[in-house]
Amino acid sequence: MLTIRHLKLNLNIWAVLSFIFILLVILPNLNIVLNVFNEPNENWNHIKEYLLKDYLVNSVILITFTGFFTIIIGTSLAWMISIYDFPLRAFFKWGLVLPLAIPPYIAAYTYQGLLNYTGVIQTFLRNSLNISVQQKYFDVMSPEGAIFIFTMFLFPYVYIITKSFLEKQSAALIENARVLGRNSFEIFLYVVLPVSRAAIVGGVSLVILEVLNDYGVVKYFGIPTFSTAIFKTWFAMGDLDSAVKLSAILMCLVFSLLMLEKFLRGRKKFSYTTAKYSPISRIKLEGIKGKLAFGYCLMIFSLGFLIPTLQLVHWAFLTYQSILSIRLLGLILNSLLVALFSSSVIVIIAIIIANNCRINENLLSKIYSKVTVIGYSIPGAVIAIGVIVFFVNFDKQLFWFYKMLNPNSSKLVLSTSIVMLIFAYTIRFLAIGYNSIEAGFEKIGTKFHEASRTLGMSVTRTFFKVDLQMLKPAILGGFLLVFVDILKELPLTLILRPFNFNTLATKSFEYANDEMIHEAAISSLIIILISAISIYYFYKVGDKED
Amino acid sequence: MRRTFVALLLSCVMLLSLALLAGCSGSQEEVANAKQEVVNLYTDRHYDTDQQLYELFTEETGIKVNVVKGKSDELIERLAREGKDTEADLLITADAGRLHRAKVKGLLQPVESKILFENIPQNLRDRDNEWFGLTVRGRVIVYSKERVNPSQLSTYEDLTNPKWKGKILVRSSSNIYNQSLLASFIALHGEEKAKEWAQGIVENMAREPKGNDRAQATAVVAGEGDLAIMNTYYIGKMLNSSNPEEVKVAQNVGIFFPNQDSTGTHINVSGVGLTKHAKNEENAIKLMEFLSGAKAQKQFAEANYEYPANPAVEPSDLLKSWGEFKSQSINLSKLGEYNSKAVKIFNEVGWK
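Residues numbered from 1 in each chain as written. Chains lettered and ligands numbered in written order. Predicted model: local features only at pLDDT ≥ 70, side-chain atom pairs only at ≥ 80, totals over all residues. Heavy atoms only, no water.

Let us look at the overall build of chain A. A tally of helices and strands in chain A yields 27 helices and two strands. Taken along its principal axes, the extent of the C-alpha atoms in chain A is 90 × 75 × 50 Å. Counting every position in chain A, which comprises 546 residues, the buried fraction comes to 59%. For chain A, restricting intrachain contacts to residue pairs at least 6 apart in sequence, the fraction spanning at least 24 positions comes to 83%. (Helix = DSSP H or I, 4+ residues; strand = E, 2+ residues; numbered from the N terminus. Buried < 20%, exposed > 50% of the residue type's maximum accessible area, 1.4 Å probe, protein only. Contact = heavy atoms within 4.5 Å.)

What follows is the structure in structure tokens.
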């Protein structure tokens, strides 16, 4: 009796679905991970002797400084926007998310094109003012330059998550602190930072994972890191085993960082202090203070969005005659459809798993929530290979079924279709959707859910009537992040797309890869435009929720 | 609030059905087109003019060309993983070393075609005819017209001379063109000499390797160094750039073909191979022959400012203006055979 009751409690639809999804995430990666335990070969010894130290040092430098600067910029902006009123605040509120619309590799090419010898700035100095500059002062192709690019184009992850937390969460705390006579800086340091720690960490982990996974920027700048190393060993040395070992070290690095944070945070949990939460009453900044706040936001906005976009517009003017064509429309449609559809799938799966973790608090569900991160901590190309193997096997198993439907069917159906790509996106970006939805759940806490259950509603009814309603901003936030990420995604799209399938990102990359950055401008700009519009749209919806 | 959510949900459902519909109609189309002759191509060439060539091929033969573009390493890996179920019939990559890698992995098969044998010289194709070069590029020395007199230049080996200390610009060793260059030295002079050369270049570098080939030429003109090692076609691309400053850069550097009195200038090809499990073998060979023929060769090579592999076809006027040159005579298969050795040497001497 007891066991059946136990089973019934645990085995609801949420648990079953979560289990299936998690299995689907793990399986393709399994055959890759299993390679870790193979005997080290000669290549591995070579890597250990000559290269590993460089990879480690460079990767650690990049994530440490990028992490540090994104926290500073992200939280300071989130704090200013939610606590103060100053000129153009309403615009900056969403405008500061726009750097996310620009893929870092495009930003890297753009800044290099802007600053190098043939770029606008040096050309102007040289031709109009007759000033020759030392190249090293205009060199972005260095670790410092990479940190700059990553910081400017990834800080919105920290900004978005921290801001939405501060707006919803901290009003009472901040007002109490104000009443108790703390000044703004003290409140920031002693109240805001500790309270929004989970949000900041959530944002910064996304940043760190993006940096560790980045291939475009570090490769272009010639900085040896783990991701370039993985590609190099795998493809140049043809050694998948060693490449997987490197990925495994990378994953350990990521997980130990995450665990360290969890450990330091201990058992502290923050959720709504009262059921009724009210927005913060903002302080109006007058005079010089207002101008400073405005100037700071404008500077970040310019570096992270305005300047590169203007540069791309300039290049677009130089090349539009040879680039604009009807094919471009097809590219736009492909990009949009695949991104919209995949993000919907991802968000739905994330909600299901997150809800399961919340209602069935046991070891298994804790593992689930860790597993969602897997796809995000493995380099895209490694996932791609895992997914191909998985689908080819899957197709072989389903061959009898295809034949039943269509006697002439070829053996590979799913693995030559767009389904494979969408599946890979799901593995890759589940973490992003999950993170924001989990944060949403954490914010709601369990009180409302428990109240509803006490009043006799089932888990599923409670979910639709109560949880989902309160979760909407988090869902939209997650959807937005995933959508924009897929729009920009490169390695998976490149490897897994079906025949004759091109997107804006692949087109931009093709041009940029052929060292035709000017020609890449138009498709890059369209990516940026679509991302910017979606960011704006979701922001407006998000605002109405308040 | 509720309404926006419902709208969102609805649009998702609609998208889902749309996607399903598209998927179904796709497969129906495939059934209807079962008789349409096709050839499926994995390629790492991205030029818009290639598409015109494929269309011309379809016009002449009625065979439709389907294309997946990607990075060659990843396409090879994909081909390997798909095994005998692959849909790809042809693989085109921009480096002989990579074609060799595909061959070693057992992904290609020999092609016996009189037309191909006639059109493509022996050293530009695989020993066992598993792949054929289509376009040729040299990896040359590019020098500052302002500060270097070409009479000071002679060979690749001379670049390791201490007189060039702090003057040499070259990209990272993760780049396949550098790997193939070093592989050719291993083939010609043995491992030890090749390592000495790589070591010597590292000691003479003007800066840590960074950027692509174009960046090296730009750095020469900007005065960061005097000499750059780079592929010929990038100069062609820069001369035709939409950025007038880049055109100026290309005009301010000269091209020097090294080792003319000894082993010859290092060349490499982009080439094509028939996949082992090709389902449309005949069509695929037809396309290979078409691409090696006089009509296609000109456009195929000029799209990327390269030399045609077919000796009967003249290079473009721009390339002719650089003069004729003697090239390395080793069979390009060697570039692949010595690739991993080259990579290791680079790591050992600290060529980033």
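This brings us to the packing of aromatic side chains. According to the stated counting rule, one finds 33 aromatic pairs over all chains in the structure shown. These aromatic residues form a ring-pair network of at least three members: Phe 91, Phe 92, Trp 94, Phe 294, Phe 301, Phe 305 and Tyr 536 of chain A. When the ring centre of Phe 300 of chain B is taken as reference, the NZ or CZ atom of Arg 45 of chain B above it lies at 3.6 Å. (Phe/Tyr/Trp six-rings, centres within 6.5 Å; stacked < 30°, edge-to-face > 60°. Lys NZ or Arg CZ within 6 Å of the ring centre and 35° of its normal.)

A few words now on the interface of chain B and chain A. Listed as interface residues are 63 residues of chain B and, on the opposing side, 67 residues of chain A. Carbon and sulfur atoms supply 58% of the area buried between chain B and chain A, which totals about 6,100 Å² over both sides. Taken together, chain B and chain A are joined by three salt bridges. For Asp 139 of chain A, the salt bridge identified is with Lys 210 of chain B, shortest N-O distance 2.7 Å. (Buried area = accessible area lost by both parts, 1.4 Å probe. Salt bridge = Lys/Arg side-chain N within 4 Å of Asp/Glu carboxyl O.)

Time to look at the side chain of Thr 135 of chain B. All names here are of chain B. Summarising the element assignment, Thr 135 is placed in strand 5 (residues 131-144). A polar contact is formed between the side chain of Thr 135 and the side chain of Ser 270, at a distance of 2.5 Å. Among the polar contacts listed, one links the side chain of Thr 135 to the side chain of Glu 306, at a separation of 3.1 Å. (Polar contact = N/O pair within 3.5 Å; in protein donor to acceptor, adjacent residues only side chain to side chain.)

Turning our attention to helix 18 (residues 363-371) of chain A. Residue and element names in this part refer to chain A. Those residues of helix 18 lying buried are Ser 365, Tyr 368, Ser 369 and Val 371. When helix 18 is viewed along its axis, its buried side chains cluster within an angular range of 160 degrees and face the same direction. In this structure, helix 18 carries Leu 363 and Lys 366 as exposed residues pointing more than 90 degrees from its buried face. (Arc of directions from axis to C-beta.)

Once that is clear, we can look at the confidence of the model for chain A. When pLDDT is averaged along chain A, the result is 81; 91% of the residues meet or exceed 70. When the elements of chain A are averaged for pLDDT, helix 1 (residues 2-10) of chain A gives the smallest value, 54, and helix 8 (residues 143-154) of chain A the largest, 94. (pLDDT = per-residue confidence, 0-100.)

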